[in-house]
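Notes for the structure review
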Amino acid sequence: MKKIFNFLKAIIIGSLAGFALVMIGCLLFTDISPMQFLNSLADKGFMPVVISCLLSFAALFIAFVLQIIVHEGGHLVGGLLTGYRFVSFRIFTLTLLRRDGRFIVRRFNIPGTGGQCIMLPPDGDAADVPFVIYNAAGVAANILLTAVAAALFFIYIDDSGIFFFLLTLFTAIAGLWTALLNGIPLKINGMCNDAGNIRLMYREPEARRHFILQLRLHALCQNGMRPKDFPQSWFEGLSHDSGYGLMNAVTDMLAIAREIDKGDYSRARDMLMAIRDRRPTLPDMYDKEIDCEIAFTSLMLGLNDEADRLLTDNLRTYIRHTSSYSSAKPRLLCAVALCLEHDRRKAETILQNLENNRDRYIMLGEVEADICTMRRMLDTANSAIQQHV
């Protein structure tokens, strides 16, 4: 019911937004006055107005989706032109990736993003890897499509049908909005946009090392490398002297995943506590990711009260929403079932479900690591039971 309500709300808001943009477009690019525009709608009757609003919503939706696809496609082309290799291409939650030499589609999501194009950087030192074209090509693609849509709009403004009029108008507006949103250096929900990343990597060469390392580790993990097998040397020498932000936190979370996979929960928890002290610089999503891993390592170290305090209703809701694409969440739920709820059967069911659905996840290496960690938890619980018998 909630999904239906949200869908209807989106239609209403989108239709009203589309209607407002149509009115603005008519006022800017035609000789129609506001009263003439409203009177013409009143003369048409109720149903034509409703149909016009729905067409506005459809055109607005298609325009924004088209600009998102073109934006991520721009990153893809920019990466290929500078020696990067394809890893994955995501629009909303649908993700295209290559596995075992073939393309497959999986679901994945990063809150606050409409899409993402991940590519493997060329070999070599991070200081020598090109990064500007890969990051800037998305905005360039939006500007190109915006120019085409605007040209079509003005060429056919007097001869086009209503839907073509709306689609070209909204595509131009959506493209301008997307280009500005990504082309002006900004932080949105704590995350740098494309221009922000370029500026950051120009100002701080160390940020470039973080960026290139994360892309490489993402590709390796997607193709099956477990975090414990990440080369330790890749994490050495990385400095946080110039300030701590999301770029640093992502690298640290990858290093923490390595420690968890190795079974060194004490070191992983110490690293997590160090990140938690820097929370004001991080997005809300990373706050929750940090709390999830602190709760897990606390359970593994017998600090059940600390874990229980962290597992608020809000965090449990986040865990449920992200379990379908982050295997770390079933791992945490398995630990909760064993250590807090003392329900071994539930823990075994969580493990079995993850094993049965492992191919649905994007990060194969992460899934294998989490399955092994869950098996280790259950084996440890078995040993403890046998010692008490």
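Everything in this summary refers to the structure shown in the same document. (Residues numbered from 1 in each chain as written. Predicted model: local features only at pLDDT ≥ 70, side-chain atom pairs only at ≥ 80, totals over all residues. Heavy atoms only, no water.)

Taking 1.5 Å as the rise per residue, helix H8 (residues 246-262) with 17 residues should run 24 Å; its terminal C-alpha atoms sit 24 Å apart, in good agreement. Here H8 lies mainly inside the structure; 14 of its 17 residues are buried. Gly 263 lies just past H8 and shows a positive phi near 90°. (Helix = DSSP H or I, 4+ residues; strand = E, 2+ residues; numbered from the N terminus. Expected span 1.5 Å × (residues − 1). Buried < 20%, exposed > 50% of the residue type's maximum accessible area, 1.4 Å probe, protein only.)

The tally for this structure, following the rule as stated, stands at 16 salt bridges. For the salt bridge of Asp 370 with Arg 331, the shortest nitrogen-to-oxygen distance reads 2.6 Å. Of this pair, Asp 370 sits in helix H15 (residues 364-388) while Arg 331 sits in helix H13 (residues 328-339), and the two are 39 residues apart along the sequence. For the pair formed by Asp 370 and Arg 331, the shared burial category is buried. Here Arg 344 ties to Glu 348 by a salt bridge, and the two come within 3.0 Å at their closest N and O atoms. Placement of both Arg 344 and Glu 348 in helix H14 (residues 344-356) is noted, with a separation of four residues, approximately one turn of the helix. The exposure class of Arg 344 is partly exposed, given its relative accessible area of 23%. Look at the salt bridges and you will find they share partners, linking Arg 258, Glu 259, Lys 262 and Arg 267 into a network. (Salt bridge = Lys/Arg side-chain N within 4 Å of Asp/Glu carboxyl O.)

Now for a nonpolar patch on the surface. A contiguous nonpolar patch, built from Leu 144, Val 148, Leu 152, Ile 155, Tyr 156 and Phe 164 and spanning about 550 Å² of accessible area, is present on the exposed surface. At four residues, the largest contribution of residues to the nonpolar patch is made by helix H4 (residues 132-155). Its location among the elements puts Leu 152 in helix H4. (Patch = residues over 30% accessible without salt bridge, like charges linked within 9 Å, V, L, I, M, F, W, Y side chains within 5 Å. Areas by Shrake-Rupley, 256 points an atom, 1.4 Å probe, with all protein chains shown as cover.)

To continue, consider the packing of helix H12 (residues 313-322) against H13. Packing of H12 against H13 brings their axes to within 9 Å, and their N-to-C directions diverge by 130°. Taken as axis vectors, H12 and H13 run oblique relative to one another. When H12 is examined against H13, the residues Arg 316, Tyr 318, Ile 319 and Thr 322 are found in contact with a partner set consisting of Lys 329, Leu 332, Leu 333 and Val 336. Considered class by class, the residues forming the contact of H12 with H13 number five nonpolar, one polar and two charged. (Axes fitted to C-alpha atoms, helices over the stretch in contact; angles between N-to-C directions. Parallel < 35°, antiparallel > 145°, perpendicular 65-115°, else oblique. Contact = heavy atoms within 4.5 Å. Nonpolar A, V, L, I, M, F, W, Y, C, P; charged D, E, K, R; others polar.)

In this structure, Trp 234 sits in the loop between helix H7 (205-222) and H8. With 17 residues separating them along the chain, Trp 234 and Leu 217 place their C-alpha atoms 9.6 Å apart.

Moving on, we get to the packing of H4 against helix H6 (residues 194-203). Axis separation between H4 and H6 bottoms out at 9 Å; the angle between their running directions is 160°. Regarding the angle of H4 to H6, the classification is roughly antiparallel. Considering the relative orientation of H4 and H6, their crossing is left-handed. Facing H4, whose interface residues are Val 132, Asn 135, Ala 136 and Val 139, H6 presents Asp 194, Asn 197, Ile 198, Met 201 and Tyr 202. (Left-handed = near helix turned anticlockwise from the far one by under 90°.)

Honestly, that's just the spatial picture; any functional story needs more than this.
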